[in-house]
Amino acid sequence: MDIDQKLKISLSKGLSDLYQVYLEPDQLVLQPTRKEFEGTHTFVTFPVAKQAKKSPPVIAEELGEYLLENEAIIAGFQVVKGFLNLTLKHLIWLEQLKVMEKQEKWWQASDKNQLAVVEIASPNTNKPLHLGHLRNIFLGFSVCNILEAAGYQVRKVCIVNDRGIHICKSMVAYQKFGNGDSPQNSNTKGDHFVGDYYVKFDQVYKQEVSQLVESGVAPAEASREAAILKEAQTLLKSWEANDEDTLALWQKMNQWVYDGFSQTYAQVGAHFDKIYYESDTYVLGKDIVQEGLKQGVFYKKDDQSVWVDLTDEGLDEKLILRADGTSVYITQDLGTADLRYQDFKFDQSVYVVGNEQDYHFQVLIKILKKLGRSYADGMYHLSYGMVDLPGGKMKSREGTVVDADHIVEEMINTAETHTTELGKIEALDREEAQALYKILGLGALKYFLTKVDPRKRILFNPEESIAFQGDTGPFIQYTHARISAILRKADAMGLPLDFSPQKINTLHSSEQGLIYLLTEFPHKIETAAADYAPSVIAQYVFELAKEYNRFYAEVSIFSEPEPNTRQFRVVLSQQTAKVIRKGMNLLGIDVPERM
RNA sequence: GGUUCCGUAGCUCAACUGGAUAGAGCAACUGCCUUCUAAGCAGUAGGUUCGGGGUUCGAGUCCCUGCGGAAUCACCA
């Protein structure tokens, strides 16, 4: 049984035996003992002091004695003020390790028989992906991995924003300046090719606006009346009218973008179970509007536009359908929510979308609840902060973006530079070396983006490259590579991966610390899943790697004369490596065998 | 202006959801490679947790208030 659970049961018994205080084991809070004190588990007695009618230190003392007598796994206790610090017997830790050894994936939670759908990435098709998308993608896929480890079924979906004025802008610019060029001819990745025309559009547009302003037109009017913008709007109209040529161009350019995206997705290891295209879904939601009107949840204004009143929820009135009967963003999102539920019958639906849409999702979920959609209770907006540059927000139009492909390539190059400087690749051939650089470069990038609380915005300074030392992906990967070397050596020596707990009478603090951390892994997965927080896993794996490095520096494995102890240390190393690997995989990161 | 989020060491971030003397990593300084990989380990230094009130045994965490930053409040998506 779980150590925590066992202790809680005994504590609960102790409280009732000693003080007639009746609390369920689950109501008791046990916390890890701070490093500066002896012990691993701490029970805080302050909360029960009133009921027990004694002072916290006295309770701690008496409970400690009680446990020492009645709970076999306790070796001793220390009382500091109202804190009862418990020390477990060495054997308990060693047996915990034995338990892990017996099961291949001892951290995997049992099947919850629940389905979670996670929406990730959701790019526009008029420009390439940037660092912000990477944060979204890494966060999203990591959450999927974590949910799976926590026992959920997971489906990954992506909704591609393939229609609208933005793609028409790229289309107009291509019509005017493209000269029939193509990504193949110009040797440019498709999404970048199309993105370049988006930038081109903006340049021309700005030029036209300033010309109009110079000729005496008011700035606000000029920005509406610029000729190229008018052309883009005309193009959007003919797209909506199903004009053949327009649709053909639209399809051609979108395909270029998809080809480009596919390359980027493949490079960073992203793949989706289902892709929705907005050109298919943007008409959805109108049925819901009718339904809402019938239910009296929505109402019509004089001009025939449809609204919902959320003032009782502390929000505003919100437009649902324009006076001319065309839909707005929220209309189609209502529709896609229904569609997604029809498609998957999910228990949870997670939207990985930037925090600029906090309000939108608040409104969306509230409306769905008003409409009586019970699935809305399982909806969650995983909101994350923007990735900012020192100069402020990234803007595709102005070219002030950190391009996804570029940063990935740069990270891989940096990994190569570091590795060659350290001169550690002599054993690897060219192909292996390239694979290693990719593992390291992407590892550094993914760790950098997932270790932070999603809500916080990330400041990315291109001048300072992402580090490879300290609290980084490569640090953890390095720890894994070190352990791999040990396991190779143990294997070559023919050491059996087995040991007898009874024959070991002392544990180094790092050994006990490692086993303790290993036993925490399933709990960390659980909290990470409950909070949709990859950062929990990132911090945990870092902690584990640090503890192993301490062990590595202070405890020798192969110069240990006692065979059983030596084998114990190899097993401990092996389990640590497994958890590091799995933990990093939860973040979408690979670990190398050597580096 | 309303709403939401954020403010912790010089910098980047933690703090187990109200617990002990607020912890890590960078950067700085000191040591440690003839030993299982030094992308490492050990140590020194660095704090009025934005300010001010309150709640209680106990507050970085909860409440109120002021300041600073971000997002949003579009018939854009």
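Going along each chain's sequence as written, the residues are numbered from 1 onward. Both sets of labels track the order of writing: A upward for chains, 1 upward for ligands. Local features in this predicted model are restricted to residues of pLDDT 70 or higher, and side-chain atom pairs are both shown and tallied only at a pLDDT of 80 or more, whereas totals for entire chains, interfaces and linings draw on every residue. In computing side-chain properties, one takes all heavy atoms of the structure into account and sets aside hydrogens as well as water.

### A look at the pattern of salt bridges
We count it as follows: We define a salt bridge as a side-chain nitrogen of Lys or Arg found within 4 Å of a carboxyl oxygen belonging to Asp or Glu. Secondary structure follows DSSP: runs of H or I at least 4 residues long count as helices, runs of E at least 2 residues long count as strands, and numbering of each begins at the N terminus. Note on exposure labels: buried denotes an accessible area under 20% of the residue type's maximum, exposed denotes more than 50%, and partly exposed covers the range between, all computed with a 1.4 Å probe on protein chains only.
With the rule as written, the count across this model stands at 28 salt bridges. Residue Glu-231 pairs with Lys-176 through a salt bridge whose shortest N-O separation is 2.7 Å. One end of the pair, Glu-231, is in helix 10 (residues 227-240); the other, Lys-176, is in helix 6 (residues 165-177), and 55 residues separate them in sequence. Using a relative accessible area of 38% as the deciding quantity, one classes Lys-176 as partly exposed. For Lys-189, the salt bridge identified is with Asp-191, shortest N-O distance 3.0 Å.

### A closer look at the domain arrangement of chain A
The cut-off we apply is this: Start and end positions for the domains come from either an automated domain assignment or a database one.
Split into domains, chain A comes out as domain 1 (3-88), domain 2 (164-270), domain 3 (284-326) and domain 4 (404-586). On a C-alpha basis, the centroid separation for the pair domain 1 and domain 4 is 34 Å.

### A look at the sheet that holds strand 3 (residues 74-80)
Inclusion rule: Strands pair, by our definition, only if DSSP identifies at least two bridges between them. Fitting a line to C-alpha atoms yields each axis, with helices limited to the stretch in contact; the angle taken between N-to-C directions then spans 0 to 180 degrees. We call two residues in contact whenever any of their non-hydrogen atoms come within 4.5 Å of each other.
With antiparallel pairing, the 4 strands of this open sheet are ordered in space as 1-2-4-3. The open sheet terminates on both sides in strands that have one partner only, identified here as strand 1 (30-32) and strand 3. Strand-to-strand, the axes of this sheet are offset by a mean angle of 30°, without reference to chain direction. Pairing of strand 2 (residues 41-44) with strand 4 (residues 83-88) involves 4 bridges; the strand directions are antiparallel. Each bridged residue has a counterpart across the sheet, and for Phe-43 the counterpart in strand 4 is Leu-84. Helix 1 (residues 3-19) contacts strand 1, strand 2, strand 3 and strand 4 of the sheet and is inclined by roughly 35° relative to strand 2.

### Re the protein's contact with RNA strand B
Inclusion rule: Whether a residue is near a molecule or strand depends on its heavy atoms: it is near if one of them lies within 4 Å of it. Under the rule applied, a polar contact is a pair of N or O atoms within 3.5 Å (in protein, one hydrogen donor and one hydrogen acceptor; residues adjacent in sequence only if both atoms are side-chain atoms).
Near RNA strand B lie 60 residues; those nearest to it are Asn-161, Glu-278, Lys-424, Tyr-478 and Val-555. Here a sugar or linking oxygen of RNA strand B and a side-chain polar atom of Asn-161 are 2.5 Å apart. Between a sugar or linking oxygen of RNA strand B and a side-chain N or O atom of Asp-316, the distance comes to 3.2 Å. Secondary structure elements with two or more residues in the surface near RNA strand B: strand 1, strand 2, helix 2 (46-52), strand 4, helix 16 (404-422), helix 18 (473-493) and helix 20 (534-554).

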